[in-house]
Structure formats: C-alpha cells, structure tokens
Amino acid sequence: MPDCDLQRAGILVTRPAHQAAGLCSLIESHNGVALRFPALEILPPEDEGTPTSILREASGLMIFVSPNAVTYGLQLLGGKAFLAKLTLGAVGKATAKALEEAGYGVDLLPSGQFDSEGLLALPELQQVAGEKIVVVRGVGGRALLGDRLRERGADLVYAEVYRRACPDVAPSPLLDRWDMEVSLVTATSNDILANLKRILGPKGWPQLKQTPLLVISERMLEMAEKMGFETILRANNAGNQVILGRVCHWIKQHA
C-alpha cells in the first residue's frame, strides 16, 4: 500500500496487548501514530481440567474460532500428537495462520467471508449428522456456529480454553490528550467496544462516541449504532492490511 499516508493521524489500537504489534507497526510504517490502549485482556480459563480433557479425547473435526483459541488450546494440549488424527477447521485467515505456524495443516477454511457464517456455508459442513465436532473458543463465545451445527445433527461440544476480561486501567492519561491525539478508534470485537465504553466511563463517553470508529463486521456495526457512535467505518475483516486500507481511505477523504 505505497500510496497510503496517514499524515500523522493518531489511531487508537484497542486489541489485547499481545495481538496489537502487527497493526501498530503497519500504522507507524505509513506515517501514522499508533496509540496503544488494550481494551481486552485474554487469560487462561479458571478451570483448565475440563477443556484439556475435551481436547485430548476429541475425534473427528476440531474447529478453532480465533488465534487465541489456537494459542491457549495448544498450551493445554502440550503436544502435537493429540491433533494428528483430527480434521482441523479455522474460522478466519488469522486463525489458520496461527495453526500453520504451530505446524498444523488446516482442512476447512471459509472463502470470501471469514467468520462463522462463512464456515457454515462450506459444503463439508452441510451434512454433519452424528459427526463428533469440538469447537475451541473462549468462555461464553458466540453461539451461532455451535447452534447451527447442532441443528444439523452434529455431536458437538465446546472446549473453552481462555476467558476474556476488562483491563483495569486508568482512563485519565488518555482522555487528557484525546482531543489533540486521537483521530480514529479501531475495535475488532464487541467485547472491546463494551470494555472501551466501560473503561472510559461517563466522562470519556462523549469524546469516544464523537470520534470515528472502525469495526470489522456487520454484527459490530449494529452494536456500535445501538451504542450511539456517530461515525462508524467498517472493514471487511480483522486482517491488519484490511484495517489499514480502510483507515487510509478514510484519512484521504478527510485530509
């Protein structure tokens, strides 16, 4: 994206700290200012025994819904042997990349629409009556994928290998410089949106809702509209290059 110049715009990056480096680096390499403000924390599950047993006893198809599912699932497994006998699915490109970097081939991946809906549209998942499927996700994750596969007759169980938490961070340092530094806010999950509003509190909400917000799905767009954000941009997915491209387009229009 050689013609992308962010013109020193301040872009708030709200991803968990361990997942923010790639997007921040892209922003900075295109003359932007990456403002790191993690609005989501990823932690191990309080009960590791249950998901570990589910993972080790799995047979058939195992679907990972996020890179965090891959990271924390493999930590619980502690080795590759358990996955060798399985068919592996990934909801999106980043999840597939995480599996491949860990040494696993991905058998099922959506094309075009990288989300639960895209995965559910694959021909391989239309006739799953009686098939054993494990969905690896965080505690209390989105239910659509599991619900639809169960409706199609799958013998499905969740392995909840991580949990999400709202970081305990003081908002004042960011709010004090918000009007001078924050040009646009990026958010890649509904949890992040909710946590961001909670962290900034009643004092920060007027500044937050008036700042252009970038989201990465129709579901997030609907939530942002209900929350009251005034200017909402949508990227097609959570890929760093896709997010950067949408931010660049907006900066060009409003330079």
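Residues numbered from 1 in each chain as written. Predicted model: local features only at pLDDT ≥ 70, side-chain atom pairs only at ≥ 80, totals over all residues. Heavy atoms only, no water.

(A) Fine view of the sheet that holds strand β10 (residues 232–234). Strands sit in the order β2-β1-β8-β9-β10 across an open sheet of five strands; the sheet is parallel. Two strands lie at the open edges of the sheet, namely β2 (33–36) and β10, each paired on one side alone. Taking each pair of neighbouring strands and ignoring which way they run, the sheet shows an average axis angle of 30°. Pairing of strand β8 (residues 184–186) with strand β9 (residues 213–215), which is carried by two bridges, proceeds in the parallel orientation. (Pairing = 2+ DSSP bridges. Helix = DSSP H or I, 4+ residues; strand = E, 2+ residues; numbered from the N terminus. Axes fitted to C-alpha atoms, helices over the stretch in contact; angles between N-to-C directions.)

(B) Broad picture of the environment of V161. Along the polypeptide, V161 turns up in strand β7 (residues 155–165). Along the primary structure V161 and L6 are separated by 155 residues, whereas in three dimensions their C-alpha atoms are 37 Å apart. With sequence-adjacent residues up to four places away left out, V161 is seen in contact with P44, P45, P51, L55, A69, Y72, G73, L76, V136 and R137. (Contact = heavy atoms within 4.5 Å.)

(C) Quick peek at the nonpolar core. Core analysis: the largest hydrophobic core is formed by 72 residues, its most contacted members being M62, F64, L83, W178 and L193. Excluding residues that lie within four positions of it along the chain, F64 makes contacts with A69, V70, L83, L88, G89, A90, V91, T95, L99 and V136. Counting residues in each nonpolar core, the second largest holds 17 residues, with L122, V128, V135 and L149 among its members. (Core = buried A, V, L, I, M, F, W, Y, C linked by side-chain atoms within 4.5 Å. Buried < 20%, exposed > 50% of the residue type's maximum accessible area, 1.4 Å probe, protein only.)

(D) Spotlight on the pattern of salt bridges. Considering all chains together, one arrives at 10 salt bridges under this definition. As a salt-bridge pair, D191 and R164 come within 3.2 Å of each other at their nearest N and O atoms. In this pair, D191 is assigned in helix α8 (residues 190–210) and R164 in strand β7, connecting sequence segments 27 residues apart. Given a relative accessible area of 29%, R164 falls into the partly exposed group. (Salt bridge = Lys/Arg side-chain N within 4 Å of Asp/Glu carboxyl O.)

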